[in-house]
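Single-letter residue listing:
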Amino acid sequence: MTIEEVSILRNDMKEITKQIMQLVNQRMEIARKIGAIKTNLDLDIIDDKVELGIKSYLFSNHEYLNLDPEFSGRIVNMLINESIRIQNLEKNKLNGKQEIIEHKTNSSVQPTKSPPTKDEHKIHKFEIKSHLDVFNAAKNLELQGFKIIHMEVGEPDFLPPVEVKNELTRIYEMRRFHYTQTAGIRDLRKGLSNHLANISAKNGFDIFEPISPDKIIVTPGGRFGIFCSFSALLRPGDEIITIEPAWPACFDCANYLGVKNRVVKTSLEQNWEPDISEIENQININTKIICLNYPNNPTGKILNKKSYDKIVELARKNGIYLLSDEVYSNYAYEPYRSVINFDYDKSILLGSFSKTFAMTGFRVGYVYSRNASLINKLIKIQALALTSVAEPMQSCALLALNSDPERNNKIMKKRLEIMCEHLKKLPFEYVFPDGAMYVFARIRRDLDLTDLKLVELLLNHGVAVAPGSGFGSNYSNYIRLSTCLEETKMIKGLEIISDLVGKL
């Protein structure tokens, strides 16, 4: 071997890389053309069967046997993600042109009268995709003097425990405002280990090993726990599986990290129970995490025992992590099991003080896993990003653990019952939630309204609700209604909705 030979090989590599990029460019041009055709035919951009078929075709080709299959799969997923991005750009471009054409064609037609508002001269238009967009639009309307009934956000309206109030007055005198261990103050992690054990005992389920405080990390809210977990376990081109409808945090974090999201859709007709065979069909060599969210946001669904057992077995069989978002576990109105009630080392529990103790603004969440090396990775990531959760907030969280949140559970269940009684008389379809604090209601077909259109109409009438499409692309005919407000306000909001849909 000589340096000249190395130079020759480097030139060969450079030329091959150029050829690869030229082929990638050709592939993306084909993706653009496919995007145009799909837009014209009104087809979905994402087609999981086609994507998995591409991977199957490549891995059955003997020419690729010298490549690591997992690496090959990540490369293919990155190409697929870029194709999806290009097809979406093409779709948006063509849809924009179509809107211009329709506007010119209908320019002589008189617009229909908009629904009445506080000021007839100010009919508001909104750019809305998610419940947070609705929340921000509602806040802007309030700044302009409009009164809004908030049924779009999951922020309990009752106060945090009185223990928290007392602690807030003592923090300054006790000088609890310093850096802490990145994992969180020891007393809080110990308190959380007891808290999780007590919840399992209360629900009648066993824990297969003692919950060690050393396997808990305190995070600034639940969302950052997801981001840290994904950052620790995933690389660009890896895959996760989510069950929709779902809180979009897992999708958003995966997308940011260049991770492929495989979706298993559920339906109202099936009582939001996932088809286990669909989950199994989505699993491949690049699948690293199955994401669970029960009680579910937005449906309130709790997995039945049979489904949960099968999902755990699938994860165990394929060596996949189970990340379980259990933020709404205190609001369970049916028998409820946690991921920690299964004897599986690759399980991750995500929790928060936001819903259980009405402490959304305190930004305190936590992650527990039996896998100590994973927790150590999360600690390193959190240290890199923000050192630790604010000590005053951790002190308040510790005191909150001494309170009994059962009253909050009863309040939310009663409100859900009231809401569902009112919804029976309206053109919506739903199932009574097993848990959480929302009703995910399907807009009846005869209303001929999308979720975004109905959300906009309601905002102009002083009621904010969340669009179903914010929880999955398949749910643009749903809205999510929150019970996180006083009964009188909630009933008033439902009366406004009733009055509006009665005129449509």
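Residues numbered from 1 in each chain as written. Predicted model: local features only at pLDDT ≥ 70, side-chain atom pairs only at ≥ 80, totals over all residues. Heavy atoms only, no water.

1. Side note on the pattern of salt bridges
Then step 1. Taken as a whole and assessed by the stated rule, the structure comprises 33 salt bridges.
Then step 2. The salt bridge partner of Asp343 is Arg370, with a shortest N-O separation of 2.8 Å. Highlighted residues: Asp343 in the loop between strand E6 (321-325) and strand E7 (347-352) and Arg370 in the loop between strand E8 (365-369) and helix H11 (372-386), separated in sequence by 27 residues.
Then step 3. On the basis of relative accessibility, which here comes to 14%, the residue Arg370 falls in the buried class.
Then step 4. Between Glu429 and Arg442 there is a salt bridge, and its shortest N-O distance comes to 2.8 Å. In this pair, Glu429 sits in strand E9 (residues 428-429) while Arg442 sits in strand E10 (residues 438-443), placing the two residues 13 residues apart along the sequence.
Then step 5. On the basis of relative accessible area, Glu429 is assigned to the partly exposed category, the value being 31%.
Then step 6. Residue Arg442 is classed as buried on the basis of its relative accessible area of 15%. (Salt bridge = Lys/Arg side-chain N within 4 Å of Asp/Glu carboxyl O. Helix = DSSP H or I, 4+ residues; strand = E, 2+ residues; numbered from the N terminus. Buried < 20%, exposed > 50% of the residue type's maximum accessible area, 1.4 Å probe, protein only.)

2. Some words on helix H6 (residues 186-202)
Then step 1. In this model H6 runs 24 Å from its N-terminal to its C-terminal C-alpha over 17 residues, within 8% of the 24 Å that 1.5 Å per residue would give.
Then step 2. Along H6, the residues that are buried comprise Leu188, Arg189, Gly191, Leu192, Ser193, His195, Leu196 and Ser200.
Then step 3. In the core, the buried residues of H6 are packed alongside strand E2 (216-219), E7, E8 and helix H12 (391-400).
Then step 4. Following H6 by one or two positions, Gly204 adopts a phi angle in the positive range, close to 80°. (Expected span 1.5 Å × (residues − 1). Contact = heavy atoms within 4.5 Å.)

3. What about the sheet that holds E10?
Then step 1. As summarised here, the arrangement of the 5 strands in space is E1-E11-E12-E10-E9, forming an open sheet in which the pairing is mixed. Both edges of this open sheet fall to strand E1 (149-151) and E9, since each of them pairs with a single strand only.
Then step 2. As paired elements, E1 and strand E11 (residues 463-467) share 3 bridges and run parallel to each other. If you follow His150 over to E11, its bridge partner there is Ala464.
Then step 3. Strands in contact with helix H4 (residues 131-143) are E1, E11 and strand E12 (478-482); relative to E11, the strand with the most contacts, it is inclined by about 160°.
Then step 4. Sitting on the sheet, helix H15 (residues 487-502) is in contact with E1, E9, E11 and E12, with an inclination near 90° to E1. (Pairing = 2+ DSSP bridges. Axes fitted to C-alpha atoms, helices over the stretch in contact; angles between N-to-C directions.)

4. Examining the packing of helix H13 (residues 406-423) against H15
Then step 1. Put simply, H13 and H15 touch, their axes get as near as 10 Å, and they point 20° apart. One finds that H13 runs roughly parallel with respect to H15. Of the two possible hands of crossing, H13 and H15 adopt the one that is right-handed. Contacts between H13 and H15 involve Lys414, Arg415, Ile418, Met419, His422 and Leu423 on the former and, on the latter, Glu487, Met490, Ile491 and Leu494.
Then step 2. Taken together, the residues of the contact of H13 with H15 break down into 6 nonpolar, 1 polar and 3 charged. (Parallel < 35°, antiparallel > 145°, perpendicular 65-115°, else oblique. Left-handed = near helix turned anticlockwise from the far one by under 90°. Nonpolar A, V, L, I, M, F, W, Y, C, P; charged D, E, K, R; others polar.)

Any functional reading would require information beyond the geometric quantities listed.
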